[in-house]
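Examining the three-dimensional arrangement
The primary structure of each chain is shown beneath.
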Protein chains: 2
Amino acid sequence: MLAAERRDYLLTRLRAEGSVVAKDLAAELGISEDSIRRDLRDLAAAGLCHRVYGGAVPASPALADYANRESVEPDSKRRVAARAAALIQPGSTVILDGGTTTLAVVQALPAELDCTVITHSPTIAAALVPHPRAEVFLLGGRLFKHSAVTCGAAAAEAAHGVAADLFFLGVTGVHPVHGLTTGDADEAAMKRTLAGRAADTYVLASTEKLGAASRYQVLPLGEVTGIITDGTPNETVAALTGKGVAVLPRQV
Amino acid sequence: MLAAERRDYLLTRLRAEGSVVAKDLAAELGISEDSIRRDLRDLAAAGLCHRVYGGAVPASPALADYANRESVEPDSKRRVAARAAALIQPGSTVILDGGTTTLAVVQALPAELDCTVITHSPTIAAALVPHPRAEVFLLGGRLFKHSAVTCGAAAAEAAHGVAADLFFLGVTGVHPVHGLTTGDADEAAMKRTLAGRAADTYVLASTEKLGAASRYQVLPLGEVTGIITDGTPNETVAALTGKGVAVLPRQV
DNA sequence: AGAATACACGCATAAACGTGCAGCAACGTG
DNA sequence: CACGTTGCTGCACGTTTATGCGTGTATTCT
C-alpha cells in the first residue's frame, strides 16, 4: 500500500467513525505505530485532522461537535432512526429536519434507496452525498449556527416552493402538556412551515426528549401524524397515548 | 509494446485501481522502473495523474472521490487558502465556492472574523458553524452530488438575490489557452453566475490545477480579478503573467 | 505515587527518486 | 547507401524519502 493511499484511508476512517486509534490502525495495516503517528502528524499539520492522545479525530469542528452530541443516547437514536427510515417508500419525497436524530435516519437509509430528500440542514445534505439514487434538494437561507440549519424569511420562502409525502420533525422536547418544543423561535417557525409542506409529519423522539419541554412550541401534539420512539416503555409515552396521540411503535 | 501504448495502459490501470506502483508495473511489463517513472512523470506533467512516493494516483480530482481529494497537494492548498483568507476584510461579504480548497480557506479564517459568507456548498456552511461572528447564507437548490454543491435553476435564482465584495472561485483547471475550466456544465454555469454577483473574483489555484484543463469553461482568464497560487515558480504561471493575468503572489 | 501507555526525537536501513551518460533503433536528408 | 539527428531505454551515481527501532520524556490510568 502506497503511503499516500494510506493517508486517504486514514481520512476515510476518520470520517466514517469519527475517530481513529493509532495502535489499532498499525495492527490493521501491518505497519508500525510510528508510521501511523507520522501520518496523523502530517494530516494534522495539513489541517485535515486533530491529534488526540491515542489517535486522532476529524478536523472539522462541526463534525466533531456532532460526534459528541451523537454520543447522547446513541442506541435510542439509532432505534428511532431505523423505524423512521423504514417508513420511507421508494420513490417518495421526504423532508428531513436538522439534528443528530435525523442524521441517524440518513445513516439508516439503504445506500441505493430511490427517493427525494428535501432538507434545510447542510449536514444532512452532506451526509446524503454517498447515496447515488437520492435526489437532494437543499433549502437555502441564513444559517442558524446552533443547530446548523437554515432559518428565517428566505428559508421559509424556499420551503413554500416544495411539497412532500413525509416530514421527519426533530424537536428538543415532547411533553403531554406543552406539546412539541424547541429552543429557538425562528427554528420553531421553520419547523412549522415544513410541517405544512408535507402530507404526514412524524416526530423523532429519542428517549431523552420524552417528557422534556423547551421555550418555543413548534406544534401541539394533535397536529402531527405520529411520534416515533425507541419502543421502550415510558411514562410520558403512556400519558401521550392516553391523550389519543399516535405513538410508534405501539406500546404493549 | 509501444511507449504510447504503455502510457495508455498506465492510465487505464490508474482509473481501474485508483493507484499504480512503479515497481510492480516494471515487473509486470518487463521494463525498468526508470521508464515507468519517466512515463508517470510525463503523465503528471500533462495533468493526467499525480505522482506519489512509490507510484502515482489519478490526477483528475473529478474522478477521485471527494474524500480522496483532500489529500491532494495539501501544502499547496493550505498556502493558497491562507493567502485567500488574508484578502477577506472584516465586515465584508464573500462568496465561497465549493471544493476542498475553499474548505481550506474556511479553516484558515480567524475564528472571530466578522464577515458574511455566501455559499452554495453545504460542506462549507457546516464548516463555518464554529465561527460565531460569521454570518452564513446558504444558497439552496438541487444538490449536485459530485462536488457537493447546489446547482441548477433554483440555485441560480437564489444567487441572483445576493451581492458580495469577493468571490473565491474553485476550478479543476487553470490553463493559459483554455482558461478556467471545470468538469460539469451546470456547475460551470453556477460558478459563472456567482462570479457575476461579486465585485471581485479570485481563482484558487493550488499547484495541481495549473496547466490542467477540463471539459467546460467557467470563464476566460481575463474576466477574473486575479489568480491565487501558492507562490512557487511554475511555467504555467509564467505563461499567465506573460498574458497579462494578475497572479498572486507576484512571481519573482 | 507508581505503572502503563503514548509520544517525539534521533539514527540506521532500505527503498524510491532524479540526473547524467551511453547504447541502440528509427527516421530523414543528401 | 552513408550520415547525422532524434527519441527511447537501461545503468550508475548521489540524493531524498519512508520506515522501524531504541531511547528518553510526557501523559494517562489506577
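Residues numbered from 1 in each chain as written. Chains lettered and ligands numbered in written order. Predicted model: local features only at pLDDT ≥ 70, side-chain atom pairs only at ≥ 80, totals over all residues.

A word on the overall build of chain A. Regarding its fold elements, chain A presents 10 helices and 15 strands. In terms of C-alpha radius of gyration, chain A reaches 20 Å, essentially the compact-globule figure of 18 Å for 252 residues. Each principal axis of the C-alpha atoms in chain A carries an extent, and together these give about 60 × 40 × 35 Å. A separation of at least 24 residues holds for 60% of the contacts in chain A among residues at least 6 apart in sequence. (Helix = DSSP H or I, 4+ residues; strand = E, 2+ residues; numbered from the N terminus. Rg over C-alpha atoms; globule rule 2.2 N^0.38 Å. Contact = placed C-beta atoms within 7 Å.)

Moving on to the interface of chain B and chain A. Taken residue by residue, the interface counts 36 residues in chain B and 34 residues in chain A. Residue assignment for the side of chain B that touches chain A shows that the elements contributing at least two residues are β3 (55–58), α4 (66–69), α5 (74–86), α6 (100–108), α7 (122–127), β6 (134–138) and β7 (141–144) of chain B. Ranked by residue count, the leading element in the side of chain B that touches chain A is α7(B), at five residues. Bridge count for strand β7 (residues 141–144) of chain A against β6(B) is two bridges, and the pairing is antiparallel. (Pairing = 2+ DSSP bridges.)

On to the protein's contact with DNA strand D, then. As a structural note, the neighbourhood of DNA strand D is formed by A:A3, A:I31, A:S32, A:D34, A:S35, A:Y53, B:A3, B:I31, B:S32, B:D34, B:S35 and B:Y53. Secondary structure elements with two or more residues in the surface near DNA strand D: α3 (33–45) of chain A together with α3 (33–45) of chain B. Considered class by class, the residues forming the surface near DNA strand D number six nonpolar, four polar and two charged. (Near = placed C-beta within 6 Å. Nonpolar A, V, L, I, M, F, W, Y, C, P; charged D, E, K, R; others polar.)

All right, on to the sheet that holds strand β1 (residues 20–21) of chain B then. All names here are of chain B. One open sheet holds the three strands; their spatial order is β1-β3-β2, and the pairing between them is antiparallel. Looking at which strands have only one partner, the edges of the open sheet turn out to be β1 and β2 (49–52). Where β2 and β3 come together, four bridges link them in antiparallel fashion. Opposite C49, over in β3, you have P58 as the bridge partner.

Here we come to the nonpolar core. By size, the foremost hydrophobic cluster in this structure holds 120 residues, and its most contacted members are A:F168, A:V203, B:F168 and B:V203. Setting aside anything within four residues of it in sequence, one finds B:V203 in contact with B:L169, B:V171, B:V174, B:L180, B:V224, B:I227 and B:I228. (Core = buried A, V, L, I, M, F, W, Y, C linked by C-beta atoms within 7 Å. Buried ≥ 20, exposed ≤ 12 C-beta atoms within 10 Å, placed from the backbone.)

Residue and element names in this part refer to chain B. One way to put it is that helix α8 (residues 152–160) packs onto helix α9 (residues 185–196) with a least axis distance of 10 Å and a crossing angle of 5°. Relative to α9, the element α8 is oriented roughly parallel. Together, G152, A155, A156 and A159 of α8 and D186, M190, T193 and L194 of α9 make up the contact between the two elements. Looking at side-chain class alone, the contact of α8 with α9 contains five nonpolar, two polar and one charged residues. (Axes fitted to C-alpha atoms, helices over the stretch in contact; angles between N-to-C directions. Parallel < 35°, antiparallel > 145°, perpendicular 65-115°, else oblique.)

Let's shift gears to the confidence of the model for chain A. Per-residue confidence for chain A averages 88 on the pLDDT scale, and 93% of its residues sit at or above 70. Taken as a whole, residues 62–68 of chain A scores under 50 in pLDDT and shows 12 contacts with residues more than four places along the chain or in a different chain. (pLDDT = per-residue confidence, 0-100.)

Residues and elements named next belong to chain B. Along the chain, Q89 turns up in the loop between α5 and β4 (93–96). Residue classification places Q89 among the partly exposed residues on the basis of 13 C-beta atoms within 10 Å. Taking the C-alpha atoms as reference points, Q89 and G173, separated by 84 residues in sequence, lie 27 Å from one another.

The next subject is the protein's contact with DNA strand C. Within the structure, DNA strand C sits among 16 residues, and A:A22, A:K23, B:A22, B:K23 and B:R37 are positioned closest to it. Elements that contribute at least two residues to the surface near DNA strand C include exactly α2 (22–29) and α3 of chain A together with α2 (22–29) and α3 of chain B. By residue class, the composition of the surface near DNA strand C is four nonpolar, four polar and eight charged.

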